[in-house]
Structures are given as C-alpha cells and as structure tokens.
Amino acid sequence: MTGRLWRTLVVLHRYLGVAVGLLMAMWFVSGIVMMYVPFPRLTEGERLQIQPPMSWAACCRFGERMADDQPVLRAQVESHLGVPALRLRRAGQPDALLDLSQGAPMPIDAETARHVARDAAPRIIGRDAAILAHEQVTADQWTVGRYVRDRPLHRFDFDDPARTSLYVSGTTGQIVVWTTKTQRFWNWLGTIPHWLYFTALRSDVVLWSQVVIWTSILGAFLTVVGIGLGITQFRRGAGGRLSPYRGLFYWHHLAGLVFGLVTLTWVVSGLFSMNPWGFLESRGAGEAARIRGAPPAWSEIKSSLDALRSHPGLANAVSLTTAPLGGRLYWLVTRQDGTVARLDAAGAVSPPTAADLADAAQRLAGSQGIAAQGLMTAEDAYYFSRRETFVLPVYRVIANDDERTRFYLDPASGALLARADANGRWQRWLFGGLHRLDFTAWLRARPLWDIVVLVLMLGGVGVTVTGCWLAVRRIRADVGRLFRPRGTLTKGGATVASTAPPGYSGQG
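Fair warning: this is a prediction, and the values are worked out from it, not measured in the lab.

Helix and strand counts for the protein stand at 14 helices and 17 strands. Principal axes of the C-alpha set define a box for the protein whose edges measure 95 × 60 × 40 Å. Relative to its 508 residues, the protein shows a buried fraction of 46%. Taking all contacts inside the protein whose residues are at least 6 apart in sequence as the whole, residues at least 24 apart take part in 61%. When the accessible surface of the protein is split by element, carbon and sulfur atoms take 61% of a total near 24900 Å². Between the averaged position of the 54 positive side-chain charges in the protein and that of its 38 negative side-chain charges there is a distance of 15 Å.

Structural data, given as structure tokens:
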C-alpha cells in the first residue's frame, strides 16, 4: 500500500510538473516584471494633472432637460474643448455631458473624441503628435473588465516615439487611460500572463475566475506533493549527502526544500485574492452613501454653480466636483498646482470640522456604536502607503460591532477611503501579507523589499523551471519505456535489467 501510494504521488508530481509547473514558472517570472511595470491605469490625480484650467466667463447655462428635484449622484465641472462642461451621474442612467456655455447636451461621437485626444496629447506626450489610427472599442486588452460606465471607448494611436494610445470615454469625453509601447511590451511579460488577463478569457468574468481559482488549486497541490516527496527523500540521504539524487535533480530537490514553502505561500495567497466561493469577501455595502447622505437635487446644483462661477477662488481651478456630507452640498476644487480645498454651496472654504467627522462616524457605526475614533497620523496594519487613496492624517473609526469594523475617512472631505471588517483583515494578511510581503513598514521599504522579494522569486523560478524540465525528461523516458521489453531500461546504450528498489524513483 505504501509503495503504491508513493509511486502514485511521484507520477502525479511528474506529470503535473509539466503543465502546472510551467504555469507556475510563468507566474514567478511575470511577478518579477510586475514589481516594476504595473498594468496601465490612470488615477484621478494623474488625470487632473493634464486637465487645463476652466474658463468661467461663458458659464453657466443649464437648459431645461431635467426636473429640479432629480437627485444627482455626482456632478463635475471641467473644461471640455475650451468651454466649461458639466458631467452628471444619475441613478439608473448613463453619465452625461452638458455644455454650460450653451445649456445643451454634448454627445461624444468619433469626431468630438478626436478633438479631445488631439487637445490632450501635447500635455500627455510632451509634444505635438499626429493620430495614426482610430478605433471605437467596447473593450480591448488594456480596458477589458474596466471603465464600464465610459463605454464605448475611442482609442487613438499616435506617431510619437513612445507610440502612445489614448482612450476617450464615449459618455463623458474624458481621457480614461493611456498606454505606451514600452508598457504594452512589458505587460505581455508581466500582468497579462500573471493574472491570465487575456481579452478572450477575461471578457467572461465567471470563466476567468474559475480558471484562475482551479489553476491555483492545482499549483498548490503540486507544491504540497513536491514538498512531501522532498522531505521524504531528504530523510533517505546517506554518506553525508543531503539528497540521494545527482545532477540537476539534486539541485531541484534542495531548491524545493528551501523555497518550496515560499512557493506554496504565493500560490495559496494568489488563490485567496480571488475570494473563491465567497471566502474572505467583504460584507460591507452602502457605507459611503451613508456618509454622503441624501444626494443633492438638480436645483441645488444649479443654484450653487450660479453662486460659484464668479468666485475668485476658482480662477485657476481645473476641476470642481461634488462631495456631499451628511446630506449637505459641498464641492472639492482642484487647482492647477494640485492643491485641493472643500467649498460649501456658496463658495466659502469649509473643511470638515471635528463635529462633522464625528457625525459621519456615528452614521457609519449606526446602532452598534463606536469603540474608538480619532485622527491617525501614522500608518496602521490595515491602512498604509501602498493604497491608491492614501492620505495622512486620516480619521479612523472602529465600530463596536462583532467584527470591530474599521473605517478610514479623509479629514479634508469626510469621504470614505477604506474599510476593513473581519474578512478584510484576514484578506490583508492572507493575500496582501503573504503575496506581497508587506507585513511591516520596514519590510515595505525599498530597496530592502526588492532584495527580499527578488531572492525569493528567483528561488521560485529555479524550483519550477528545473522541475518542469526534469518532468519532461522523465516523461520522455516513460514513453520510451513503453516500446522496450518490460523489466529493462536503457543505460549508456546497453539494455540491462532494472534493479531499482520498489517505490524509489531514482530521479524524482
């Protein structure tokens, strides 16, 4: 029984080592690339850096196409092709763009999108460039699974040395992302194979999720079997040797013993990132809306913009965005120098007070009450600088519920930046900690983090590549054995009787 089990595990490890081992080797190599070249994306801060200042002289005409009592989830005023424009988000409707100089909707057709791309190109590329090609896309390799509210997208390819491609939203006319030839090249070696983010597969979210989950499970099984076999063979060492193997098998055995646990940790933590079958999914919903309160009505937006358009504090603004808090209308104004201020409906600078933040905390906690709250001036274990929306100081609220849910609010606007319930905290350690090795601030510091992760990654590459290569060699030998007399094997060109003891693979 023991011999049969041993042989079964050896064969499983060998044959899985070809297909799954090659996939795992690709995960390690692509992971190294991802350390330095992320998937193309555009943060709101980066987008505003290329946004020209607004001209308020022609503002503000609204037209009569909306009922005054219609709730507005989000309103944003920016310059669009030289005129002030209002982007509106309403429940159950696509985003809309309104020309505030004419009070008329601004549809984004191919020609309008072309003008947007040409206007933005010098600020993005750093020089004038001609458009080589245009295509309207629902989703392609760089937008699949993203920008749902912005579809269809207009992609423009430019003739600059970086071969920049700009994507313009077909609903709001904004630049939503851009890519360069260098980014695209390295992402084909990094993020795309690492996440299995191929357009045809990623377009089917359910299928893509299941493929990632089950390949991760197979990778974990292969690694567990390999560690078990490696430990067993390690115990069989004789004559002072750490392994009974020779040549490349010897180094694969030792590398597997040293880096096998790290390999298993990365594969399993990658599995956890998918929250398979609801495992570690956050149970939160609607907290951001509770902080904001009832959305402002269209009549409030119009009245406030009428009051703001001649305000001197908006002279060099590039963006004005609603930021309601507790059912009251506020605006966030972003200026050319990157500074952000909160204004009330009349245009006065109005940062949130301690009472405002405490009131928001109470709405978050509800009847459960608050265990702790206050301004936090340093990172903690669940809120640190690798987050996209990271600001310090931050207002932290710990609810008095069973999960001690943590909320992090922006003290400059009252907006919810992050939350961490029990599942969120587990996910932080089981995925973030184990997969990214960001356990502590000193470990996250670069270049120490680069050195540690690169050494472990290269160890994983060594284990998986040698294992895959050796598995191919053994399978070729197994296939060749099918065409030789039973009970013999080839050695040095001669046919000899097999003397290997039962259960001993000789080469893994």
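Looking at soluble globular proteins, one finds that nonpolar side chains tend to be buried together. Residues Met24, Leu153, Tyr167, Val176, Leu196 and Trp208 are the most contacted members of the largest nonpolar core, which totals 27 residues. Among the secondary structure elements, those contributing two or more residues to this core are α1 (2-34), β8 (175-179), α7 (205-235) and α8 (247-272). Residues within four places of Leu153 in sequence aside, it is in contact with Glu135, Gln136, Val137, Thr138, Thr143, Tyr147, Tyr167, Val168, Ser169 and Val176. Among the nonpolar cores identified, the runner-up in size contains 25 residues, and Val72, Leu88, Leu305 and Leu343 belong to it.

Using the criterion set out here, one finds 21 salt bridges in the structure. Residue Arg155 is joined to Asp140 by a salt bridge in which the shortest nitrogen-to-oxygen separation is 2.8 Å. Here Asp140 lies in the loop between β5 (131-137) and β6 (153-158) and Arg155 lies in strand β6, a separation of 15 residues in the sequence. Assigned by exposure class, Arg155 and Asp140 land together as buried. Asp356 is the partner of Arg328 in a salt bridge, and the nearest nitrogen-oxygen pair spans 3.4 Å. Of the two residues, Arg328 sits in the loop between β9 (317-322) and β10 (330-335) while Asp356 sits in helix α11 (residues 354-365), which places them 28 residues apart along the sequence. Take Arg328: its relative accessible area is 38%, and that puts it in the partly exposed class. With a relative accessible area of 14%, Asp356 lands in the buried category. Residues participating in the shared-partner salt-bridge network are Glu44, Arg47, Glu78 and Arg87.

With that settled, consider the sheet that holds β8. Ordered by their spatial adjacency, four strands build an open sheet running β5-β6-β7-β8, and the pairing between neighbours is antiparallel. The two strands at the open ends of the sheet, each matched to only one other strand, are β5 and β8. Strand-to-strand twist in this sheet, taken as the mean axis angle between neighbours without regard to direction, amounts to 20°. Pairing of β5 with β6, which is carried by six bridges, proceeds in the antiparallel orientation.

So, on to the state of the cysteines. Going through the model one piece at a time under the given rule, you end up with one disulfide. Paired through a disulfide, Cys59 and Cys60 show a sulfur-sulfur distance of 1.5 Å. Taking the torsion about the sulfur-sulfur bond, which here is approximately 80°, the covalent link between Cys59 and Cys60 counts as right-handed. Cys60 matches Cys59 in its accessibility class, with the two residues each being buried.

Criteria and thresholds
- Residues numbered from 1 in each chain as written.
- Predicted model: local features only at pLDDT ≥ 70, side-chain atom pairs only at ≥ 80, totals over all residues.
- Heavy atoms only, no water.
- Helix = DSSP H or I, 4+ residues; strand = E, 2+ residues; numbered from the N terminus.
- Buried < 20%, exposed > 50% of the residue type's maximum accessible area, 1.4 Å probe, protein only.
- Contact = heavy atoms within 4.5 Å.
- Areas by Shrake-Rupley, 256 points an atom, 1.4 Å probe, with all protein chains shown as cover.
- Lys, Arg positive; Asp, Glu negative; His and termini not counted.
- Charge placed at Lys NZ, Arg CZ, Asp CG, Glu CD.
- Core = buried A, V, L, I, M, F, W, Y, C linked by side-chain atoms within 4.5 Å.
- Salt bridge = Lys/Arg side-chain N within 4 Å of Asp/Glu carboxyl O.
- Pairing = 2+ DSSP bridges.
- Axes fitted to C-alpha atoms, helices over the stretch in contact; angles between N-to-C directions.
- Disulfide = S-S within 2.5 Å.

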